[in-house]
Amino acid sequence: MTTGPETGAFTRHLGRIAAALDRFVEFEHPDALVNADVWREQLGGPLPTAGAGIDAVIADLADVLIPNGSRISDPGFSGFITTGPTTAPTAAALASAIAAPQRYMMSAFNFVEETSLLWLAELAGLGPHMKGVYVSGGSVANLVALGAARQHAYEAVGIDPGADGLNGPSPVIYTSSEAHHTVQRAAGVLGLGRSAVRFVPIDERQRMRPDALEEMMAADRTAGLLPVAVVAAAGTTNTGAIDPLVALGEIARSHGVWFHVDGAYGLLGRLDGRVADRYAGLELADSVIVDPHKWLAAPVGVAAAFVRDRAILHRAFTQGPAEYLEGSFVADDDDIQNSMDSMGIPYGDFAVELSAPARGVQVWAIIRELGVSGIRDSIVHDNDLARRVTAAARAHPRLEALTEPELSIACFRYRSADRSPDGLNDLNERILRRLVRETAFAPSSTVVERSFAIRPCYINRRTTIADVDGMIEAVVQLGDDESARESP
Ligand SMILES: *Cc1c(COP(=O)(O)O)cnc(C)c1O
């Protein structure tokens, strides 16, 4: 083996990586290649028979991989709902990777796993009765929450789906047509079936219609189906719409049906006083999810699923007892003297992973760094940026705002009077492609009532007002240019 002594290795090697990262966050990317041939030559090749040694690895990381990273962290990037992590949670993730590689057993990291879940619940306005577990992202968090919903619904008709599988009435899940598609996937994985997901119509502001939900649910119950969950969004992925939580939660309650709120992106939007009242009804939720790797800028790989009672997660997801996990641990909490005396809180039985990093320390680091007020400031700032885009689009004769932003997503497009709807969609697609390729600005797109929309989502801590104004100017310029090209 060529590993060699480790003394001083972190200081030496990570110093080089840190310097390369400091260069990367100047966001000029002078060495970026986007050239798979070169990557193949420098990083690919045949399976190495002999090791090149750590110095070669560190050199490849510092000189090739880091300079050829992605644009997600760039100040001009506003695509999808994703962002580059900030320094404090990244340092925390690195620290736990070495010092506490697992979230289980007694260590300071295991301790802040729970502390950070309690802080996050309070930050999100969930109340102390909501208990959480971290998973790898919103997709798995929705899966875990809907696993609890499945347990709840079938236990009520005398079936334990976690233990015995599904053999009862056919399930239905209600969500809006704007819901994240991970809801369907979760239904598939849980054996409920993607086709069990019913799409409730939306109103003119992309919010689920309670009257339509009530009607669909009543009809399905008459037909003998088993409603498993109502899934509302606190911030949809397309436009940031917040479903009417009070009305939806009350309908779910009145039918004894699990009420799940998907706040993967938007839950923390409630910190902005201008929209805080739209989150009323959150207290009716049986489960809520939030992704710290979205609006809290944690490294990708951390979401929290909260439920009223983690015992239902245990019934849904436990592996059952395993000798290799129990043997050497003392049961008595009063006699813990060594990190191996207890497994700590059994997070591994509340969801679908056993081995998992101590993710809570990342959330703990962000909240400790910024506090509630710092986090609120950044969320208000991001919501301001979406409002700025919308106002600019309204004010400009050749732009058009397509939504009224609730949170930090704006939807707008370039417009010219003499074009058909299809022609306008086409034109805006071309503008967006050129924007991403030719400028520093990279929003993504969506469709709002059949109109192709340029859709920036602001959650990037590095984005400034100048980046927003620059993007708008670039869209106008590219739109004018594309229009001029086509004119005879
Ligand atoms: C992003 C998102 C998800 C999926 O989360 P991942 O972390 O990407 O797996 C689910 N629901 C909503 C509303 C989202 O915005």
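Every chain begins its residue count from 1, and numbering advances along the sequence as written. Side-chain atom pairs in this predicted model are given and counted only at pLDDT of 80 or more, local residue features only at pLDDT of at least 70, and totals for whole chains, interfaces and linings cover all residues. Working from all heavy atoms in the structure, the side-chain values ignore hydrogens and water.

Draft legend 1. Structural view of the domain arrangement of the protein chain. Boundaries between domains were set according to an automatic or database domain assignment. By domain assignment, the protein chain separates into domain 1 (13-67), domain 2 (90-367) and domain 3 (371-486). Inter-centroid distance (C-alpha atoms) of domain 1 to domain 3 is 34 Å.

Draft legend 2. Spotlight on the pattern of salt bridges. What counts as a salt bridge is simple: a side-chain nitrogen of Lys or Arg found within 4 Å of a carboxyl oxygen of Asp or Glu. Applying the stated criterion across every chain, the model contains 22 salt bridges. The closest approach of N and O atoms between R434 and D481, which form a salt bridge, is 2.7 Å. Linking R434 in helix α14 (residues 421-438) with D481 in helix α15 (residues 465-486), this pair joins segments that are 47 residues apart in sequence. Only protein chains enter the calculation, and the probe is 1.4 Å; a residue is then buried if its accessible area is under 20% of its type maximum, exposed if over 50%, and partly exposed in between. A relative accessible area of 16% places R434 in the buried class. Via salt bridges that share partners, R430, R434, E438, D481, E482 and R485 belong to a single interconnected network. In DSSP terms, a helix is any run of H or I states spanning at least four residues, a strand is any run of E spanning at least two, and both are numbered starting from the N terminus.

Draft legend 3. Focus on the nonpolar core. Counting 95 residues, the largest nonpolar core has L120, F259 and F306 as its most contacted members. Tallying contributions element by element places helix α6 (residues 138-155) first for this core, with 10 residues. No fewer than three residues from each of domain 2 (90-367) and domain 3 (371-486) sit in this core. Among the nonpolar cores identified, the runner-up in size contains 24 residues, and L385, Y414, A474 and V475 belong to it. By nonpolar core is meant a set of buried Ala, Val, Leu, Ile, Met, Phe, Trp, Tyr and Cys residues that side-chain atoms within 4.5 Å join together.

Draft legend 4. Expanded view of the site of the ligand. Close to the ligand lie 15 residues, the nearest being G138, S139, D262, D291 and K294. Contact distances for the ligand include 2.5 Å between an oxygen atom and a side-chain N or O atom of S139. Measuring from an oxygen atom of the ligand, one finds a side-chain N or O atom of D291 at 2.6 Å. Calculation of accessible area relied on Shrake-Rupley with a 1.4 Å probe; when residues are assessed, cover is drawn exclusively from the protein chains displayed. Burial of the ligand by the protein chains amounts to 86% of its free accessible area of 380 Å². The element that contributes the greatest number of residues to the shell around the ligand is α6, accounting for 3 residues. A per-class count over the shell around the ligand returns 3 nonpolar, 9 polar and 3 charged. Near, as used in this document, describes a residue that has one of its heavy atoms within 4 Å of the molecule or strand being considered. As used in this structure description, the phrase polar contact means that two N or O atoms lie within 3.5 Å; if the pair is within protein, one of them must be able to donate a hydrogen and the other to accept it, and residues adjacent in sequence are counted only when both atoms belong to side chains. Note that Gly is not counted as nonpolar here; it falls among the polar residues with everything else outside the nonpolar set of Ala, Val, Leu, Ile, Met, Phe, Trp, Tyr, Cys and Pro and the charged set of Asp, Glu, Lys and Arg.

Draft legend 5. Empty space enclosed by the protein, seen in detail. Think of a 1 Å grid over just the protein atoms. A cavity is a set of points where a 1.4 Å probe fits yet cannot get out, a pocket is an open set with protein on both sides within 12 Å along at least five of seven lines, and lining residues have an atom within 4 Å of a point. Grid points are joined across faces, edges and corners, and a volume is the space filled by probe spheres set on the points. The tally for this structure, following the rule as stated, stands at 2 cavities of 30 Å³ or more. There is about 50 Å³ of room inside the largest cavity. For the lining of the largest cavity, the secondary-structure elements that each account for two or more residues are β3 (171-176) and β5 (226-233). Looking at the lining of the largest cavity, the element that brings in the most residues is β5, giving 3 residues. Here the lining of the largest cavity is built from residues that sort into 5 nonpolar, 3 polar and 2 charged. Quantified by volume, the second largest cavity comes out at close to 30 Å³. Looking at the second largest cavity, the residues that line it are P75, G76, S78, F441, Y458, T463, D467, V468 and M471.

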